[in-house]
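Structural overview
Chain by chain, the residues run as shown.
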Amino acid sequence: MATLEKIRSKSVLLFVIIIVALLAFILGDFLTSGRTYFGSGMTVAQVGDKKVDYHDYQARLEQANEQMRNSNQNVDGDELSQNVINSLLFEELLKQEYRDLGLRVSDKEISEAMTGVMPHRNAQQFIYTVSRQLGLENPSGKEVLDRINNPAKYNLPVEAGQQLKTLWAATEADVENAMLQEKFYRLVGGLFTANTLDAKSVYNDNATTRHISYVSKPAATVPDTEAEVTDADIKAQWDKNKNNYRIDEELREIDYIYVVIEPSQDDIVAGQQVVENALAALNSGEGLNGVDSDSRFVVNRATAPLSKITDARVKNFIDTTAAGTAKVIVSQRDKYTLAKVLGVTNDVDSINVSMIALASPEKADTVMTALANGAKWADFADTDFSQAQDSIWTSLVNLNGIDTKIKNALLAATVGQPFVMTDSINGNIYSQIYRVNARRSPVPVYDYAVINYTIDPSNATLEKLSNDLRTFISANSSADDFTANAAEAGFMVLPDLVGASHPHIANISDSRGAVKWVMEGKKGQVSPVIQDNKQSYLMAIAIKDIYDGEYLPWDCYQIKNQLRARAVTAKKLDKLMADYQGKAGDINGYATAMELPVAQADVIFSSPRVASIGVGESALQGQIASAAEKSLVGPVKGNNSVVVFVVDSVSDESRPYNFDEYAGTFNRTMGIGLFDPFTLLVGKENVKNNSLNFINSAVAE
């Protein structure tokens, strides 16, 4: 009882302790994950109220990676990740559009797309593949569905029927989504389709050609010393063009140092000695004893006749080298390729063979009798019990695991005489019928090895590179010092703008973790030494500024030089306008004053280029289109020059107006295809990319 009383008297205290512990646990999880109880949760990215869930993202990313692997494509994983995020966001935005517009695909449409005479293109491959697997004479979605729904009727195993049912449902969902997109694009595409006024405008813009004489004085002829600009001039250019600098996510201006981890000169010398030792061992010993025990040497052994060797350097080496000899055939700074001829034999290089694979050995006699009675090999190409190939040239060298009994049988067979070969694989009896149609004469076949060796940076080299960069960071821990003192310390500073949706820093692979550090850091902060997972580079980063407004500011390094150049050009054009305004009364007088020849050109209003003057000269285009014939016009300020011109004559196109022709031109040049549908759907919303919350930070020393 006394013990119970003590517990009761301390109950409030115990309660407080439990609550504090629980809060500490929650807070600790929050601080370590940053996403569990507050913030973005499991949302990888978001536009308005449209979200991408982490699990959906992971599943789609794995699917995309699998597709890349199957197609042998080497794609940057971080770029692929961001593409997957954008794809999922796009799908969510499209779903909302479907709901808003009342778009749907009826059961009848889905049924027709899956089981009709002409299936939807997204279902065709699935239906074709499954039809063949089920042994159907012709691909048929209707027949496939019947077997899926009635597996017992067709002696289809229950498990196989269930798997096919799952695949059918997935294909059906894919088809439905594709059909919804098609309906949406047809609907939206109609908004960008030419009407009568559009088509007539295109005709008018192309029907008239103005033949002009002109003189164009480039801004570049004015010295830079006569066009000094101030910050106010630069900002004025930004005000004029600021929509070009709109941003849809927070961006951070950084300076970074990038150090490639590569062998030092000492490493190169040591590596050369390793290669020399290996070469001596290969030449003095049997086989590959000189490199077999050293994992730094990558050995690729092959057997082939000279005609099948595609690498010219290897081919030349083998053709001129005696068996048992090794040489270095490629020597670069840190990469070597050695080769050794291990032996030479005479062998049949290849044969021309016909083959019939039988589903069961019992069919062999039937097929052999049919062949003897004049049946063609093509008759057995695709039947219920056989698959056949006729007159195929195949190599007998490097059979890649095929039983040598097959090779020996083909070598011993009488040319032109079919024979049956029956054997077993893992206890399963199989039969095949072969006929050797032709056999090439024996040729020398070479057993050889190509050995690659790469000199890697030593631990001492890596430690020195790391220490040098770490020492610099320690002495320059602010962004300003980092940038100001890098060159003196022997480092090159590079600039970049980084946002949460950027897959990496600049074009540096495997730097998504560095992006995470940048987006979590503070203005003026300098990173520790960052190293990629492959140990191919070291990096240090300084955060110069943070831009979280609607536009990049005029003094952002990424645009300031561009704006300065525009401001300088504007000053030069103003000077040219002042210098030549009213200086002559005709085109030849201006040519004399500008010290340039008179040029001629044909100008069509719809063309993006005006003669040799440049592209995007809209103000000049308008002046030419409205000018009276034979009248001197100018000087006119263009984008990069001052122009004086005369419209000598105007000619109209003789072709009559045709709505379909010019409506087609409008649709090609102004239609929906010119617009990014993702950007259209996002509209004024910003994309909030939280994917950095789900990756590890940069690897730091």
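Refer to the structure printed above.
Residues numbered from 1 in each chain as written. Predicted model: local features only at pLDDT ≥ 70, side-chain atom pairs only at ≥ 80, totals over all residues. Heavy atoms only, no water.

A short note on the overall build of the chain
- On a plain count of helices and strands, the chain comes out with 22 helices and 21 strands.
- The globule rule puts the C-alpha radius of gyration for 701 residues at 27 Å, and the 37 Å found for the chain is more than 25% above it.
- Expressed as lengths along the three principal axes of its C-alpha atoms, the size of the chain is roughly 100 × 100 × 80 Å.
- Taking all 701 residues of the chain together, 37% fall into the buried category.
- Counted over contacts in the chain with a minimum sequence separation of 6, partners at least 24 positions apart contribute 71%.
- Only carbon and sulfur atoms are counted for the fraction: they give 51% of the accessible area of the chain, which is about 39900 Å².
- Distance between charge centroids for the chain: 2 Å, based on 66 positive and 88 negative side chains. (Helix = DSSP H or I, 4+ residues; strand = E, 2+ residues; numbered from the N terminus. Rg over C-alpha atoms; globule rule 2.2 N^0.38 Å. Buried < 20%, exposed > 50% of the residue type's maximum accessible area, 1.4 Å probe, protein only. Contact = heavy atoms within 4.5 Å. Areas by Shrake-Rupley, 256 points an atom, 1.4 Å probe, with all protein chains shown as cover. Lys, Arg positive; Asp, Glu negative; His and termini not counted. Charge placed at Lys NZ, Arg CZ, Asp CG, Glu CD.)

Description of the environment of tyrosine 434
- Among the secondary structure elements, tyrosine 434 is positioned in strand E11 (residues 428-439).
- Using a relative accessible area of 6% as the deciding quantity, one classes tyrosine 434 as buried.
- For the pair tyrosine 434 and isoleucine 505, spaced 71 residues apart in sequence, the C-alpha separation works out to 59 Å.
- Leaving out residues up to four positions away in the same chain, tyrosine 434 has contacts with Val353, Ser354, Met355, Trp377, Ile406, Leu410, Gln417, Pro418, Phe419 and Met421.
- In terms of polar contacts, tyrosine 434 uses its side chain to reach the side chain of glutamine 432, at 3.1 Å. (Polar contact = N/O pair within 3.5 Å; in protein donor to acceptor, adjacent residues only side chain to side chain.)

Description of the pairing of strand E19 (residues 632-637)
- Looking at chain direction, E19 and strand E20 (residues 641-652) are connected through 4 bridges and run antiparallel. Across the sheet, valine 636 pairs through a bridge with valine 643, a residue of E20.
- Connecting the antiparallel pair E19 and E20 is a turn made up of 3 residues. (Pairing = 2+ DSSP bridges.)

Concerning the side chain of threonine 337
- By secondary structure assignment, the location of threonine 337 is in strand E7 (residues 335-348).
- Ignoring sequence-local partners within four residues, the contact set of threonine 337 consists of Lys327, Val328, Ile329, Val330, Val450, Ile451 and Asn452.

With respect to the sheet that holds strand E14 (residues 530-531)
- Strand order in the open sheet formed by 4 strands is E13-E4-E15-E14, and the pairing between neighbours is antiparallel. Because the sheet does not close on itself, it has two edges, and the strands there are strand E13 (493-499) and E14.
- Pairing of strand E4 (residues 251-260) with E13 involves 7 bridges; the strand directions are antiparallel. Note on E13: the bridge partner recorded for tyrosine 256 is leucine 494.
- Running at roughly 35 degrees to strand E15 (residues 537-547), helix H17 (residues 512-520) makes contact with E4, E13, E14 and E15 of the sheet. (Axes fitted to C-alpha atoms, helices over the stretch in contact; angles between N-to-C directions.)

Considerations on the pattern of salt bridges
- Scanning the model with the defined rule gives 25 salt bridges in all.
- Ionic pairing is found between arginine 147 and glutamate 143, a salt bridge with its closest N-O pair at 2.7 Å. Here the residue arginine 147 and the residue glutamate 143 both occupy positions in helix H7 (residues 141-149), the gap between them amounting to 4 residues, near one helical turn.
- On the basis of relative accessible area, arginine 147 is assigned to the buried category, the value being 15%.
- Glutamate 143 sits in the partly exposed class, given a relative accessible area of 34%.
- One salt bridge connects aspartate 294 with arginine 296, and the closest N-O pair in it is separated by 2.8 Å.
- By relative accessible area, aspartate 294 is classed as buried at 19%.
- What makes arginine 296 partly exposed here is its relative accessible area of 43%.
- Bridged by salt links that share partners, the residues Glu226, Lys575 and Asp579 form one connected network. (Salt bridge = Lys/Arg side-chain N within 4 Å of Asp/Glu carboxyl O.)

Side note on helix H21 (residues 659-670)
- Between its first and last C-alpha, H21 extends 16 Å over 12 residues, near the 16 Å set by a 1.5 Å rise per residue.
- Residues of H21 that are buried include every one of Tyr662, Ala663, Gly664 and Phe666, and no others.
- For H21, the elements touching its buried residues are helix H9 (196-207). (Expected span 1.5 Å × (residues − 1).)

Details of helix H19 (residues 587-594)
- Among all positions in H19, only Ile587, Tyr590, Ala591 and Met594 are buried. An end-on view of H19 places all buried positions within 105 degrees of arc, on one side of the element.
- Residues of H19 that are buried sit in contact with strand E3 (208-218), helix H18 (557-580), E19 and E20.
- For H19, the N-terminal capping position is held by aspartate 586, with its side-chain oxygen 3.3 Å away from the main-chain nitrogen of asparagine 588. (Arc of directions from axis to C-beta.)

Digging into the packing of H9 against H21
- Direction vectors running N to C along H9 and H21 enclose 90 degrees, while the axes themselves pass 8 Å from each other. Taken together, the axes of H9 and H21 lie roughly perpendicular to each other. Each of Thr196, Asp198, Ala199, Val202 and Tyr203 in H9 lies in contact with H21, whose residues at this interface are Phe659, Tyr662, Ala663, Thr665 and Phe666. (Parallel < 35°, antiparallel > 145°, perpendicular 65-115°, else oblique.)

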